[in-house]
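# Per-entry structural report
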Amino acid sequence: MNVFIMTDIEGIPGITSIDDIQRGTESYDNACCMLEKTLNWVIDTCVENGAENIYYLDGHGGGGNIKEENINPRAVKVNIEEWAKLLQEGKIDCHLEVGSHARAGTLGGFLDHTFNSKVIFEYMLNGKPCSELSFTAALCGCFDVPCVLCVGDKAACRQAKAYIPAIRTAAVKQGTERNRCQDLPNAEQIVKEATADALKDYRNIPPYKLSLPITVQQTTYRTDMTDRIYAALLEKGQTVERVDARTLRKTVTEVTNYFDLRFWA
Ligand SMILES: [Zn+2]
């Protein structure tokens, strides 16, 4: 069994305020320690449950949150291109999401957002609003890899279940307002139990598959944000339709990597 772990920081236990993830602060350093600790809980459980190869990606804000030397050496850190290669070569059996948050516009979701929190109002795949988790699950689904675990706040876990009913979840905290949350007790135990459960049953958790071609649609908060992205994509020679002032759309017939499903300028 080969396992891939995608990490984010917002859904990690012990991170309870937006201030905790401002880079360059002491709180942020503590948040990174909590991220590393939680990732190690998951990796240790993967090892205990017979995982052969374990890979992880430092996904929050383009990376730089996790120090490799603090992570169980049984797991290998990869970048986004290496991840795509592993998917293409069929080297991943199941995908885990650690540190998840709910999609932009979720009441009760701690730090709810979808990709860039300052820019993206809504992101849709095949006409359905997606979260970062459902986006990644859909990408994995293109390679028949199931997304089997969500570690995050209660709203993120509830939402993950709405996309993938069989997914296992570990709710480690609960949002009290958008920028604050409260930790729930026994995070370590909850995370380890859900991870073990997900791995034992991964063959029975179906991949989250969208039908091809996939329509990808992105709405920003403001027109000038879409102006800028649209111009950059056209300059790159990409075929993108401007649906309205704030919305771009494209149709994808074949998915080979993460960027195929993004508007990456
Ligand atoms: Zn993040």
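Residues numbered from 1 in each chain as written. Predicted model: local features only at pLDDT ≥ 70, side-chain atom pairs only at ≥ 80, totals over all residues. Heavy atoms only, no water.

### Looking at the sheet that holds strand E6 (residues 128-129)
Let me state the cut-off plainly: We treat two strands as partners when DSSP finds at least two bridges between them. Numbered from the N terminus, helices here are DSSP runs of H or I no shorter than four residues, and strands are runs of E no shorter than two.
As summarised here, the arrangement of the five strands in space is E6-E5-E10-E12-E11, forming an open sheet in which the pairing is antiparallel. Lying at the two open borders of the sheet, with one neighbouring strand each, are E6 and strand E11 (241-244). Pairing between E11 and strand E12 (residues 247-252): three bridges, direction antiparallel. In the strand pairing of E12, Asp244 is matched with Thr247.

### Describing the sheet that holds strand E8 (residues 168-177)
Put simply, the rule reads: An axis is simply a line fitted to the C-alpha atoms; with a helix, the fit covers only the stretch in contact. Between two such axes, the angle follows the N-to-C directions and lies from 0 to 180 degrees. Any two residues having at least one pair of non-hydrogen atoms within 4.5 Å are treated as being in contact.
Strand order in the open sheet made by the seven strands is E3-E2-E1-E4-E7-E8-E9, with mixed pairing throughout. Two strands close off the open sheet at either side, each with one partner strand: strand E3 (75-77) and strand E9 (180-183). Neighbour-to-neighbour, the strand axes of the sheet open up by a mean angle of 25°, direction not taken into account. Set on the sheet, helix H4 (residues 154-163) makes contact with strand E4 (94-100), strand E7 (147-153) and E8; between it and E7 the angle comes to about 155°.

### Details of the coordination of the zinc ion
Stated precisely, the cut-off is as follows: Note on donors: an N, O or S atom is included if it sits within 2.8 Å of the metal, or within 3.2 Å for Na, K and Ca, and water is never included, so sites can look incomplete. Metal sites are grouped by the angles between bound donors: all angles between 85 and 135 degrees with four donors is tetrahedral, opposite donors over 155 degrees apart with the others between 65 and 115 is square planar for four donors and octahedral for six, and any other pattern is irregular.
In this structure, Asp8 (OD), Glu10 (OE), Glu10 (OE) and His60 (ND1) serve as the protein donors to the zinc ion, at separations of 2.0 to 2.5 Å. Geometry at the zinc ion is irregular, judged from its four donor atoms and the angles of 54 to 133° they form at the metal.

### A closer look at the pairing of strand E2 (residues 53-58)
Condition: Working definition: with a 1.4 Å probe on protein chains only, accessible area under 20% of the residue-type maximum means buried, over 50% means exposed, and in between means partly exposed. By convention, orient the strands away from the viewer: a clockwise path from the first strand over the helix to the second makes the crossover right-handed.
Within E2, five of the six residues are buried, which leaves it mostly tucked inside the rest of the structure. Strand direction decides the pairing type here: strand E1 (residues 2-7) and E2, joined by six bridges, are parallel. Across the sheet, residue Asn2 finds its bridge partner in E2, namely Asn53. The β-α-β motif built from E1, the intervening helix H1 (residues 26-48) and the parallel element E2 has right-handed crossover chirality. Relative to E3, E2 runs parallel, the two sharing three bridges. From the neighbouring strand, Ile54 faces E3, where its bridge partner is Ala75.

### Considering the packing of aromatic side chains
Heads up, the rule is: A pair of aromatic rings is counted whenever rings of Phe, Tyr or Trp (Trp by its six-membered ring) have centres within 6.5 Å, and the orientation is called stacked for planes under 30 degrees apart, edge-to-face for over 60 and tilted otherwise.
Enumeration according to the criterion identifies twelve aromatic pairs in this entry. On the basis of an interplanar angle of 50° and a centroid distance of 6.2 Å, the ring pair of Trp83 and Tyr258 is categorised as tilted. Pair noted here: Trp83 is in helix H2 (residues 80-88) and Tyr258 is in the segment after E12, with a separation of 175 residues, a long-range link. Across this residue pair, the class does not change: Trp83 and Tyr258 are buried. An angle of 75° between the planes, with centres 6.2 Å apart, marks the rings of Tyr258 and Trp264 as edge-to-face. Assessed through its relative accessible area of 12%, Tyr258 is described here as buried.

### Details of the domain arrangement of the protein
So the rule is basically this: The domain limits used here are those given by an automatic or database domain assignment. By salt bridge we mean one thing: a side-chain nitrogen of Lys or Arg within 4 Å of a carboxyl oxygen of Asp or Glu. Here a polar contact is recorded for every N or O atom pair within 3.5 Å, except that within protein the pair must consist of a potential hydrogen donor and a potential acceptor, and residues adjacent in sequence are included only if both atoms are side-chain atoms. Amino acid classes used here: Ala, Val, Leu, Ile, Met, Phe, Trp, Tyr, Cys and Pro are nonpolar; Asp, Glu, Lys and Arg are charged; the rest, including Gly, are polar.
Under the domain assignment, the protein is made up of domain 1 (2-204) and domain 2 (214-261). Between domain 1 and domain 2, the C-alpha centre-to-centre distance is 25 Å. Each partner contributes to the interface: domain 1 provides 20 residues, whereas domain 2 provides 16 residues. Applying the counting criterion to the domain 1 and domain 2 interface returns zero salt bridges. Seen at the junction of domain 1 and domain 2, the total is eight residue pairs in polar contact (both at pLDDT 80 or more). Broken down by secondary-structure element, the contributors of at least two residues to the side of domain 1 that touches domain 2 are H2, strand E5 (120-125) and helix H3 (132-141). Among the elements that line the side of domain 1 that touches domain 2, the one with the most residues is E5, at six residues. Residue classes in the side of domain 1 that touches domain 2 are distributed as 14 nonpolar, three polar and three charged.

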